[in-house]
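# Examination of the molecular architecture
Chain by chain, the residues:
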Amino acid sequence: MEKNNYTLIEKYLTGELNEEEVKSFQARLNEDTTFSAEYTLQKSMNIFLEKDRNQPALKSKLESLGKDFFLEPENEQEDKVIPISRNKNRNRWLISLLATAAVAVLLVMFNPFQQNDLYQQYASHQPISLTEKSTGSGLATKAETAFNQKDYALAYENLTIYLQENSADQKAQLALGISALEFGKTEEAISIFKKINTGNSALKNYGTWYLALSYLKQKDFEKAKAWLRQVPDSEKVLFGKAQKLLKDLE
Amino acid sequence: MNAHEDHRYLIALRKGDNLLLNELYSKFSPQVISWVKKNNGSMSDAQDIFQEALIALYNKACDPDFVLSYPVGGLIFQICKNKWIDQIRKKTKESEVRILEKERYDSEQPSASAIEEIEEEEIRQTQLNLAFEKLSELCQKLLRAVSEGIASKDIAVQLTMNDVNTVYRRKNACVERWKNLYQS
């Protein structure tokens, strides 16, 4: 394998060739199969090295997502756990019934899941990532860190400035909305989520979900329910949460 | 070919974008789960295969020439199917495999070449990995440092090499060695 080719390919990949050189490089790729095989291998080596750096982080992310989405259906598990045989266990049955009843009474008396706590119960926000590997601006990193550490006041501040330059960044807008919501600026949060919800971005449904959460926080349960019903079932996790919250509200 | 809007998922994989990764799982895992379960697999088989498929996609996400021109869901599903068929082939009877095998080749999908490309890359990556592990520790460190974009003069200091020229020379030698190991 020629050394010159190696350098030439590297230059092509890093964009150091001029227009003419790029043209002749690409022509050579089409005609010369040995050269094109060399090119493919060299690219794969670069991919390997990039992956080598990032794979541990990616894998742990995928593993934790996997745990959320590859669940055995709940009823199947319960079937296995609760065997019901008749006579022998009647007493145990009675005891567990009484225990359940006692818990129910306690729950009615000191309901820890009252509706004003429902917001807290459902407001768990996923971490965001705004920065690209090497090009992330200091501001984006700051906003990201503040948000992920739940310092919503600081996140709100940084995101506001960041969005002045990057107004199209949908994730940042969503994060700004969440920060506003957590920071007590619920009205502003609602108007941000409405914008996301009416737009056509991938985060549209998050807009819907967060609108519901905003109204929940304001204890406007009817509006919250109305938005919850609009979360489409194609969005599996959000849909599941929305259905559960709907039940809790009824 | 023009990029399909789903190309953003590849960018998300490369960047580790949580929201879009989440979406990949929520949109495309159910189909894989039900297919793997129908074909004698467990939930955790489905999970492993789905994850492997995403990593295979990630490889191509790092390839500057690769443009996704098809919906990503179909690609993931097909890659998962192929992976499961390969696994079953290893442990079960021929007859079962033959039935499944049809699923692999029946469909004349337009995306067949993209799938092939993704699978070829995966094989290349496995072999490159084996070869890389056979390199000396110094070579491994050097190649990693270069790829991270660390300046040659700093690499020289870190790896106690005389000067920048030595770094270049050693790096070229390591790359050659890596290629030879890969091709042997």
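Residues numbered from 1 in each chain as written. Chains lettered and ligands numbered in written order. Predicted model: local features only at pLDDT ≥ 70, side-chain atom pairs only at ≥ 80, totals over all residues. Heavy atoms only, no water.

In this structure the tally under the stated criterion is 16 aromatic pairs over all chains. With 4.0 Å between their ring centres and 10° between their planes, A:Tyr12 and A:Phe25 make a pair best called stacked. Placement of the pair is A:Tyr12 in helix H1 (residues 3-13) and A:Phe25 in helix H2 (residues 19-31), with a sequence separation of 13 residues. This pair shows no difference in class: A:Tyr12 is buried, exactly as A:Phe25 is. In this structure an aromatic cluster arises from ring pairing among A:Tyr12, A:Phe25, A:Phe35 and A:Tyr39. Against the face of B:Tyr9 rests B:Arg8, its NZ or CZ located 4.6 Å from the ring centre. (Phe/Tyr/Trp six-rings, centres within 6.5 Å; stacked < 30°, edge-to-face > 60°. Helix = DSSP H or I, 4+ residues; strand = E, 2+ residues; numbered from the N terminus. Buried < 20%, exposed > 50% of the residue type's maximum accessible area, 1.4 Å probe, protein only. Lys NZ or Arg CZ within 6 Å of the ring centre and 35° of its normal.)

This part is about the state of the cysteines. Residue and element names in this part refer to chain B. Counted by the stated rule, this structure contains one disulfide over all chains. A sulfur-sulfur separation of 2.0 Å characterises the disulfide bridge that pairs Cys 139 with Cys 174. A torsion of -85° about the S-S bond marks the disulfide between Cys 139 and Cys 174 as left-handed. Highlighted residues: Cys 139 in helix H7 (residues 137-147) and Cys 174 in helix H9 (residues 164-183), separated in sequence by 35 residues. Residue classification places Cys 174 among the buried positions, given a relative accessible area of 4%. (Disulfide = S-S within 2.5 Å.)

Here chain A averages 80 in pLDDT, while 82% of its residues score no lower than 70. Predicted confidence for residues 75-88 of chain A stays below pLDDT 50, and this span has two contacts to residues more than four positions away or in other chains. (pLDDT = per-residue confidence, 0-100. Contact = heavy atoms within 4.5 Å.)

Attention shifts here to the interface of chain A and chain B. Across the contact, 46 residues belong to chain A and 49 residues belong to chain B. The junction of chain A with chain B conceals about 4,700 Å² of combined surface from both sides, 61% of it contributed by carbon and sulfur atoms. Counting every contact that joins chain A to chain B gives five salt bridges. Here A:Glu50 ties to B:Arg14 by a salt bridge, and the two come within 2.8 Å at their closest N and O atoms. For the pair chain A and chain B, the interface holds 17 residue pairs in polar contact (both at pLDDT 80 or more). (Buried area = accessible area lost by both parts, 1.4 Å probe. Salt bridge = Lys/Arg side-chain N within 4 Å of Asp/Glu carboxyl O. Polar contact = N/O pair within 3.5 Å; in protein donor to acceptor, adjacent residues only side chain to side chain.)

Considered as a void within the structure, the largest pocket measures approximately 1,000 Å³ in volume. Looking at the lining of the largest pocket, the elements with two or more residues in it are helix H3 (33-69), helix H4 (74-81), helix H6 (115-122), helix H9 (170-182), helix H11 (204-217) and helix H13 (236-249) of chain A together with helix H2 (18-38) of chain B. For the lining of the largest pocket, the class distribution of residues is 16 nonpolar, 10 polar and eight charged. Here the second largest pocket defines a volume of roughly 790 Å³. In terms of lining residues, the second largest pocket is bounded by 31 residues, among which A:Glu10, A:Thr14, A:Asn46, B:Val146 and B:Ser147 are the most central. Listed by contribution, the elements that provide at least two residues to the lining of the second largest pocket are H1 and H3 of chain A together with H7, helix H8 (152-158) and H9 of chain B. (1 Å grid on protein atoms, 1.4 Å probe; cavity = no way out; pocket = protein on both sides within 12 Å on 5 of 7 lines; lining within 4 Å. Points joined across faces, edges and corners; volume = space filled by probe spheres on them. Nonpolar A, V, L, I, M, F, W, Y, C, P; charged D, E, K, R; others polar.)

So, on to the side chain of A:Glu144. All names here are of chain A. Within the secondary structure, Glu 144 is located in helix H7 (residues 138-148). As a buried residue without a salt bridge, Glu 144 has its nearest oppositely charged side chain in Lys 171, at a separation of 7.5 Å. Excluding anything up to four places from it in sequence, Glu 144 contacts Ile 128, Ser 129, Leu 130 and Thr 131. (Lys, Arg positive; Asp, Glu negative; His and termini not counted.)

It is worth spelling out the side chain of B:Gln125 at this point. Its location among the elements puts B:Gln125 in helix H6 (residues 112-134). Apart from residues lying up to four places away in sequence, B:Gln125 is in contact with A:Ser44, A:Ile47, A:Phe48, A:Lys51 and B:Asn59.

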